[in-house]
Amino acid sequence: MRASNSAAWLQRPLAWLASGRLTVWLLAILVLLLAAHLFVPQQGEVSARVVERWIEHKGIAGRLARALGLTDVLHAPLFAGTCALLFLNLVCCMIRRLRATLGLFRFPQQAPQPAASWLRCELPATDLDEARIAALLHGAGYRALVASGSVYGLRGRFSIAGHWLFHLGLLALLVVGSWLALTPAPFRGTVGVGEGEAFDLHTARFLSSRGPVGPELPGLRFQIEQLEIQTEGTQVRRFDGRILTPEGDVVHFGVNRPFRRAPYQVLVHGFGRMAGWVITNERGRMIGGAWVKLVPFPLERSEDFSLGAEDSSVHVRLYPDYEREAGEDRSRSHALRNPRFAARVVWRGETVHDGLLAPEQRVTLQPGLAFFFLPEIRAYGLLEVIQERGQRSVFACLAVMILGLLVRYGRLRKEILVQRVGESLRVFGHGETFESLFEEEFGRLGSALARAGARPADRGGAA
Amino acid sequence: MSPVEYAAFWITVFAYMLGTALALCGLVFARARLLRAAGLACGGGLVVHLVTVGARIAYTGHLPVASRYENVLMGAAVVMLFSLVTLLRRRSLAPMLVFVAPFALLMLGYALLEQPRFTTMSLVLDNLWMFVHIFFAWLAYGAYSVAAALGVVYLMRSRASGSGLAARLQGLPPPQVLDDLMFRAILFGFVGHVVMISTGAIWARDLWGSYWTWDPVETWSLLSGLLYGLWIHLRVGLGWRGRRMAWLSIAALLTVIFAFWGTNLFGGTSHSLDDLRLKAPGEEAGLAPEPSLPEPR
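Residues numbered from 1 in each chain as written. Chains lettered and ligands numbered in written order. Predicted model: local features only at pLDDT ≥ 70, side-chain atom pairs only at ≥ 80, totals over all residues. Heavy atoms only, no water.

On to the pattern of salt bridges, then. All told, the structure shown has 10 salt bridges over all chains when counted by the stated rule. Between Arg155 of chain A and Glu441 of chain A there is a salt bridge, with its nearest N and O atoms 3.7 Å apart. With Arg155 of chain A in strand E3 (residues 150-155) and Glu441 of chain A in helix H11 (residues 435-453), this residue pair connects regions lying 286 residues apart in the sequence. For Arg155 of chain A, a relative accessible area of 17% corresponds to the buried category. A salt bridge links Arg235 of chain B to Asp179 of chain B; its shortest N-O distance comes to 2.8 Å. Pair noted here: Arg235 of chain B is in helix H8 (residues 216-236) and Asp179 of chain B is in helix H7 (residues 175-208), with a separation of 56 residues, a long-range link. Each member of the pair, Arg235 of chain B as well as Asp179 of chain B, is classed as buried. (Salt bridge = Lys/Arg side-chain N within 4 Å of Asp/Glu carboxyl O. Helix = DSSP H or I, 4+ residues; strand = E, 2+ residues; numbered from the N terminus. Buried < 20%, exposed > 50% of the residue type's maximum accessible area, 1.4 Å probe, protein only.)

The structure is reproduced here in structure tokens:
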């Protein structure tokens, strides 16, 4: 007796937690909170003085915003509470609807009774027998059941599973997202570092221009100390030491975190060159150009470009061994640091240049009008940090969500019931979600049944 | 811009202008023939628009994703493509061109303001996730634009009853069908939106070292995603239909537009493609020549 009472006591809050109405409210609150995040100055993004001045300026509204935590939305109890409640709401909705969802998977053993909301039409005297009606429904993609004088067709019975799958993926994404946000993970990705450039990854343009990555909480904030790449061979120097590494090796270096230093792995892919050609007019304005993509050294390749006309072209080739060919004894690293490009430029049928072209050297295509040159050539080191599982998790959740949406809306649940009443046929139909579009489909199906069942005399009349 | 791109761009603009004018006249004077002509003008414009995109690809040597101009150029093409595909399936929806054609025109105008200079595909942008991210952004925004256009048509249709406009909108599908089509477009867009946000997060991890940084573009994008999620729940869960859903689809598109344009106007976003773009050698120091529109030949 006591147990049933406690169950009754639990039922109301559980029903409230599992209601779609609550989902709508929570989504609306989240939308409003995010809008506030965009329009109200946020602590941690602007200085505390700016926030205080804004609150003073807004008066009561400002103080109310501070009381609600809108000046630091992402850390406000309201935001966290809404997210937590949404999470609970999702879980409860899924649990509550699970039995009903599983029930919809079953194909009924006998034709159901049509509800009042079902569409209906009546076909006059017809010769159609059950087998032909079932075949027609089958042709339209329905699984048909012939039972006690009526034919029942059903398609998309697993559609509802998509609803469940999508929200399962969403739940997993929320869990994975929280895990990823709360786990101090190393930077993963590739960074192009120019020759001679020193990069503080934390403040470089590759990172967010809005400040620290992630919320400013102890243990979450990370900063990579200056990482310097030199092209003295393939040398990577870190802030507290120097590592010489050949291409393809994995380098370990430290990440400076407030409380600990985590191992950080970098795969040095090797160095490449980015080169290109540019044509300018007499005012130095670019009127054409193309870039050779980053390619690994040694650059044994060449590129041909059109200069906008059939009889004008340029053939650019990296010329790494020019010094060796010239008899000079230079090291490989010297060649790496000082690349030379050979260019053969044909302008209106005439070869205007054929040979090495230094970065600052210009070739006149048309005196006073057009010049060709190779701008500064830079070397880039491509670093890839490895060992990261987050992407796969995000991708898996995403795949489940997309699969859910496709299952849900790719093949919606539709039901057709054909009953014989005397000589005529009574057709009922029900389609979920897109009722009006189903109405059109129902009309087409009714016409198909009418055509198939038209007696010879009717056919003659129709003709 | 290459000369071909330049010429094709302006032909596209004129075709869409013609389409807008014809659609407006067709609607105001209740001439189905003018509405059909508007569809043809926009269809022709779309073909030339795709030529513009092709010329851009030929000129820069990469897919048009490396600058704001390229993204807007492609985005406008996707919006028009989606609308025309919808029109092909339901010819009676031609009045939606009154919304779509000026919208595409505005996008092209914005693209032009963004200086269509020569861009290189930098290491930062040359990433598989970026292509997936942007492709699905096009799909999502294209579908949302169509949904908003259907919302406009729905509002016109529902307002028309009893007024002089009713006769002019006779050929339009019934409001329930418009409502369902709007829902379909939003569902399609929502799938794209989910993929866009998730792949964007993965790309952001590669690029900035964090899946999510609450950048204004990210936040606006999440906001619009939640708003469309809310839209779907309101319709499926609470059974909302009709005018308020049409208004909501238009309002939700505004958040998408703001996520795309507004955040850059107000600054402070790391989604500015100019920041992501690897500058041409010497460009930052002012040594490289300034890219410009083509000189008259």
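A word on the packing of helix H6 (residues 130-139) of chain A against H11 of chain A. All names here are of chain A. Look at H6 against H11: their axes get within 11 Å of each other, and the N-to-C directions meet at 140°. Taken as axis vectors, H6 and H11 run oblique relative to one another. Regarding H6 and H11, the two cross each other, and that crossing is right-handed. Together, Arg132, Ile133, Leu136 and Leu137 of H6 and Leu445, Ala448, Leu449 and Ala452 of H11 make up the contact between the two elements. Taken together, the residues that form the contact of H6 with H11 break down as seven nonpolar, no polar and one charged. (Axes fitted to C-alpha atoms, helices over the stretch in contact; angles between N-to-C directions. Parallel < 35°, antiparallel > 145°, perpendicular 65-115°, else oblique. Left-handed = near helix turned anticlockwise from the far one by under 90°. Contact = heavy atoms within 4.5 Å. Nonpolar A, V, L, I, M, F, W, Y, C, P; charged D, E, K, R; others polar.)

This part covers the packing of aromatic side chains. A full pass over the atoms with the stated rule returns 13 aromatic pairs over all chains. Measuring from centroid to centroid gives 5.2 Å for Phe105 of chain A and Phe158 of chain A, while their planes differ by 55°, and the two rings are tilted. One end of the pair, Phe105 of chain A, is in helix H5 (residues 77-105); the other, Phe158 of chain A, is in the loop between E3 and helix H7 (159-182), and 53 residues separate them in sequence. Overall, the relative accessible area of 44% leaves Phe158 of chain A in the partly exposed class. Centroid distance Phe166 of chain A to Phe190 of chain B: 6.0 Å. Interplanar angle 50°. Geometry classified as tilted. Of this pair, Phe166 of chain A sits in helix H7 while Phe190 of chain B sits in helix H7, on two different chains. A relative accessible area of 11% places Phe190 of chain B in the buried class. Grouped by ring-pair contacts, the aromatic residues Phe39 of chain A together with Trp220 and Phe258 of chain B constitute a single cluster. (Phe/Tyr/Trp six-rings, centres within 6.5 Å; stacked < 30°, edge-to-face > 60°.)

Purely geometric stuff here, so don't read any function into it on its own.
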